[in-house]
Amino acid sequence: MTDLPMPAVVKPRRRRKRIDLFPYLMIAPICLLLAAVTVYPTLKAIELAMTDASLLRLQRATFIGIANFKRMLGDQVFLDGLWRTLRWDVAVVSLELAVALPIALFLNLNFRGRGFVRAAMMVPYITPPAVVGLLFLYMFDGNFGVVNDLLVRAGVLDGYVAWMSSPTASFWIVVSAMVWYGTPLMALILLAALQTIPGELYEAAQVDGASPWSQFLNITIPHIMPTVFFLLLLRMIWMSNHIDMIFVMTGGGPGFSNHTEAVYSFMLTNQFQIGYASAIAVVLAAMLMFVSAFYVRHLARNVLVNAS
Amino acid sequence: MSTKRRKSAVPRRMLIGLGAFVILFYSLAPLLWIFVASITPEHTANFDRAWLSNRQVTYFPDSPTVANYVSLFATVPFGTYFRNSTIIAGGNMILTLVIASLGAYGFVRFRFFGRSSFLVATLVAYTIPSVVLLVPLLVIFRTYGLNNTHFGMVLAEATHSAPFVLLLLINYFSTLPRDLDEAAQVDGCGRLKVLWRIILPLSLPGLVAGGLLAFIMTWNNFLFAFLLTSTAEVKTLPVIMRQFALGEPAVWGVSAAGAIVSTLPVALIFLLFQRMLMSGLAAGAVKG
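Residues numbered from 1 in each chain as written. Chains lettered and ligands numbered in written order. Predicted model: local features only at pLDDT ≥ 70, side-chain atom pairs only at ≥ 80, totals over all residues.

A. Representation of the overall build of chain A in the model. Across its full length, chain A carries 13 helices and zero strands. Written out in order from the N terminus, the α and β elements of chain A read α-α-α-α-α-α-α-α-α-α-α-α-α. Taken over the C-alpha atoms alone, chain A extends approximately 95 × 75 × 30 Å along its principal axes. Counted over contacts in chain A with a minimum sequence separation of 6, partners at least 24 positions apart contribute 66%. (Helix = DSSP H or I, 4+ residues; strand = E, 2+ residues; numbered from the N terminus. Contact = placed C-beta atoms within 7 Å.)

B. Up close: the overall build of chain B. Secondary structure summary: chain B contains 13 helices and zero strands in total. Going from the N terminus to the C terminus, chain B shows its helices and strands as α-α-α-α-α-α-α-α-α-α-α-α-α. Across chain B, every contact between residues at least 6 apart in sequence was considered, and the portion connecting residues at least 24 apart equals 79%.

C. Summary view of the environment of Val 93 of chain A. Residue position: Val 93 of chain A is located in helix H4 (residues 76-107). Sequence separation of Val 93 of chain A and Met 121 of chain A is 28 residues, and the distance between their C-alpha atoms is 18 Å.

D. Region of interest: helix H12 (residues 261-270) of chain A. Residues and elements named next belong to chain A. In terms of burial, H12 is largely enclosed, as eight of its ten residues are buried. Those residues of H12 lying buried are Glu 261, Ala 262, Val 263, Tyr 264, Ser 265, Phe 266, Leu 268 and Thr 269. Note on H12: the residue one or two positions beyond its end, Phe 272, has a positive phi of about 70°. (Buried ≥ 20, exposed ≤ 12 C-beta atoms within 10 Å, placed from the backbone.)

E. Region of the structure containing the domain arrangement of chain B. For chain B, the assigned domains read domain 1 (9-41 + 48-70) and domain 2 (73-287). A separation of 31 Å is found between the C-alpha centroids of domain 1 of chain B and domain 2 of chain B. (Domains from an automatic or database assignment.)

F. Just the nonpolar core, in detail. Counting 169 residues, the largest nonpolar core has Leu 134, Ala 177, Leu 190 and Ala 281 of chain A as its most contacted members. Two domains each put at least three residues into this core: domain 1 (9-41 + 48-70) and domain 2 (73-287) of chain B. Apart from the residues lying within four places of it in its own chain, the contact partners of Leu 134 of chain A are Met 241, Phe 244, Ala 245, Ser 255 and Ala 259 of chain B. (Core = buried A, V, L, I, M, F, W, Y, C linked by C-beta atoms within 7 Å.)

G. Spatial organisation of the interface of chain B and chain A. Chain B puts 93 residues into the contact, and the matching count from chain A is 90 residues. Sort the elements by how many residues they give to the side of chain B that touches chain A and helix H1 (residues 9-38) of chain B lands first, with twelve residues. For the side of chain B that touches chain A, the residue count by class is 67 nonpolar, 21 polar and five charged. (Nonpolar A, V, L, I, M, F, W, Y, C, P; charged D, E, K, R; others polar.)

H. How the structure looks around the packing of helix H2 (residues 67-74) of chain B against helix H12 (residues 252-272) of chain B. Residues and elements named next belong to chain B. Two elements in contact, H2 and H12, have axes whose closest approach is 8 Å; the angle formed by their N-to-C orientations is 80°. When the interaxial angle is binned, H2 and H12 end up roughly perpendicular. The residues of H12 that touch H2, namely those facing Asn 68, Tyr 69, Ser 71 and Leu 72, are Gly 253, Val 254, Ala 256, Ala 257, Gly 258 and Val 261. Residue composition of the contact of H2 with H12, by class: six nonpolar, four polar and no charged. (Axes fitted to C-alpha atoms, helices over the stretch in contact; angles between N-to-C directions. Parallel < 35°, antiparallel > 145°, perpendicular 65-115°, else oblique.)

I. Seen up close, the packing of H4 of chain A against helix H8 (residues 167-194) of chain A. Residues and elements named next belong to chain A. Closest axis-to-axis distance for the H4/H8 pair is 7 Å, and the angle between their directions is 45°. Comparing the axis directions of H4 and H8 gives the class oblique. With respect to the hand of their crossing, H4 and H8 are arranged in right-handed fashion. On the side of H4, the interface is formed by Ala 91, Val 92, Leu 95, Glu 96, Leu 97, Val 99, Ala 100, Leu 101, Ile 103, Ala 104 and Leu 107, while H8 contributes Val 175, Met 178, Val 179, Gly 182, Thr 183, Met 186, Ala 187, Leu 190, Leu 191 and Leu 194. Considering only residue class, the contact of H4 with H8 consists of 18 nonpolar, two polar and one charged. (Left-handed = near helix turned anticlockwise from the far one by under 90°.)

J. Highlighting the environment of Ser 262 of chain B. Tracing the sequence through the fold places Ser 262 of chain B in helix H12. C-alpha separation for the pair Ser 262 of chain B and Ile 240 of chain B, spaced 22 residues apart in sequence, amounts to 9.8 Å. For Ser 262 of chain B, the residues in contact, after removing those within four places along its chain, are Pro 128 and Val 131 of chain A together with Leu 237 and Met 241 of chain B.

K. Layout of the confidence of the model for chain B. All names here are of chain B. Taken residue by residue, chain B gives an average pLDDT of 83. The fraction at 70 or more is 89%. When the elements of chain B are averaged for pLDDT, helix H13 (residues 274-287) gives the smallest value, 69, and helix H3 (residues 78-109) the largest, 93. Note that residues 49-53 has pLDDT below 50 and, in this model, nine contacts with residues that lie over four places away or in other chains. The ipTM assigned to the predicted complex is 0.86, against a pTM of 0.87. (pLDDT = per-residue confidence, 0-100.)

L. Structural detail: the confidence of the model for chain A. Residues and elements named next belong to chain A. Taken residue by residue, chain A gives an average pLDDT of 84. The fraction at 70 or more is 94%. Averaged pLDDT values for the elements of chain A fall to 50 in helix H1 (residues 7-17) and rise to 92 in H4. Low pLDDT (under 50) marks residues 1-11, which in the prediction has two contacts with non-local residues, meaning those over four places away or in another chain.

As structure tokens, then:
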């Protein structure tokens with residue numbers, strides 16, 4: 001091509017003739033992999049949801065239409081699960097925000113050792129969730145837990161309490177483990193949002209004699225509001241799908257008290273009832289789709305802008 | 001809210017110190033607590049007749065010991081689980097980096113028919129909740145004999161790490177000026193060579209962040225590991241952590257030692273590369 005006299009003229013004619021396969025080759029591996037491990041399984045999940053499949057007799061699964069979905073309407077564990085899912089979402093997400101916002105505001109100040117504090121703040125998020133579950137079980141243990149010991153010493157309790165066998169207490173302990181694990185990411189993202197607020201705004205407000213509190217209300221809050229909204233939405237979706245922490249710490253118990261829909265589906269899978277488990281997962285996903293369609297649109301717009 | 005002049009500098013410094021202390025305590029105390037547990041001698045370190053009530057709340061052990069760590073590797077096949085986690089997380093990191101950098105290069109540097117549709121499709125794949133994937137993956141993996149293999153685990157973990165790293169690298173590659181590739185192409189570099197010689201070296205921080213985050217995600221993931229592995233040959237550390245949480249073996253000192261050993265590698269990786277990883281996390285999670 002280099003010794004052609006007018007490459008600029010030759011090139012476009014060539015392009016029009018045949019499709020350039022190179023970019024397709026580049027994206028093929030990741031697209032094929034995602035098709036194999038996400039798209040195909042999703043279709044398979046919908047198919048399984050309409051069968052009475054059990055892991056023990058997978059070959060003999062028969063098509064039963066929407067019977068699984070009808071079964072849900074009469075299934076008390078499923079129906080209560082809707083409320084339990086919502087309760088879990090709201091408890092975790094609002095507490096995470098309540099802890100993360102002060103941390104982010106604090107880390108937005110200028111002080112020596114800020115990098116160190118910020119790194120230490122992130123440590124819970126790096127800890128494997130299964131380890132976090134173990135940590136909190138250990139702290140709240142009925143025989144040798146530090147929480148019991150401190151409460152008894154402080155005179156709040158008379159004797160040691162087996163926290164994890166109470167439905168209410170175990171719920172809040174799992175929530176606190178989840179909040180401890182999830183807060184750093186939220187704080188980090190809020191911090192990133194805070195750092196985009198131009199400093200001149202505060203300087204101007206100070207000149208006008210605005211108090212720190214009114215600066216917070218009138219400058220900080222409006223600026224981070226989109227991020228906060230976005231974070232709440234995302235975390236709600238995530239938490240509705242979350243299984244690890246609840247399963248590791250309680251196995252969904254005591255009784256069914258910690259069976260969110262995701263955990264219920266997972267427990268059914270462990271009991272080999274994969275047809276019904278799939279149906280519940282599909283229903284949960286469909287409900288979340290409304291919310292996540294919003295997120296996908298936002299993400300797509302961002303990525304398309306970035307990639308061009 | 002940021003730096004403001006108060007009447008004197010002393011109260012501000014004290015407040016800062018207090019705030020820093022609270023954050024440090026909140027973030028690190030549980031881990032310190034389990035570390036103390038792991039070096040506290042177990043009164044009944046007997047796997048057959050572990051007597052729970054014999055354990056006391058201990059803040060400062062009188063005679064710190066490493067016995068729990070020793071029995072962790074001697075009695076529980078912890079070495080095997082550690083190896084499995086390393087193979088699967090490492091394998092996933094390599095796979096993810098290769099396919100995501102090829103993909104990001106294709107998406108960022110070329111205009112082709114169906115480009116934005118493919119891109120949006122990968123995003124949709126990224127947002128499919130893992131609850132839906134659990135059952136069918138289990139069925140598919142059984143059908144193709146992929147369950148209880150390291151390779152199968154590497155593939156399963158790629159469901160979330162690959163799109164994440166792809167998005168991160170798309171952001172990264174698009175900040176690099178195009179003139180560089182064009183100059184290299186004029187000098188006779190092929191298009192694949194441009195990726196290898198120009199783009200990848202320039203985006204090293206992005207690659208490090210993406211690769212290590214993929215490693216950490218995989219290392220920490222519990223669900224797929226729990227569902228898709230049943231033999232000790234493939235089980236990973238989080239699965240063992242659940243066994244510990246259920247109280248088998250019922251020796252808390254050993255469980256605590258296991259928790260510390262499972263956390264240490266990822267914590268060290270994070271602290272060493274924290275700047276790159278934090279910007280990667282913030283970018284991947286919000287901007288997409």
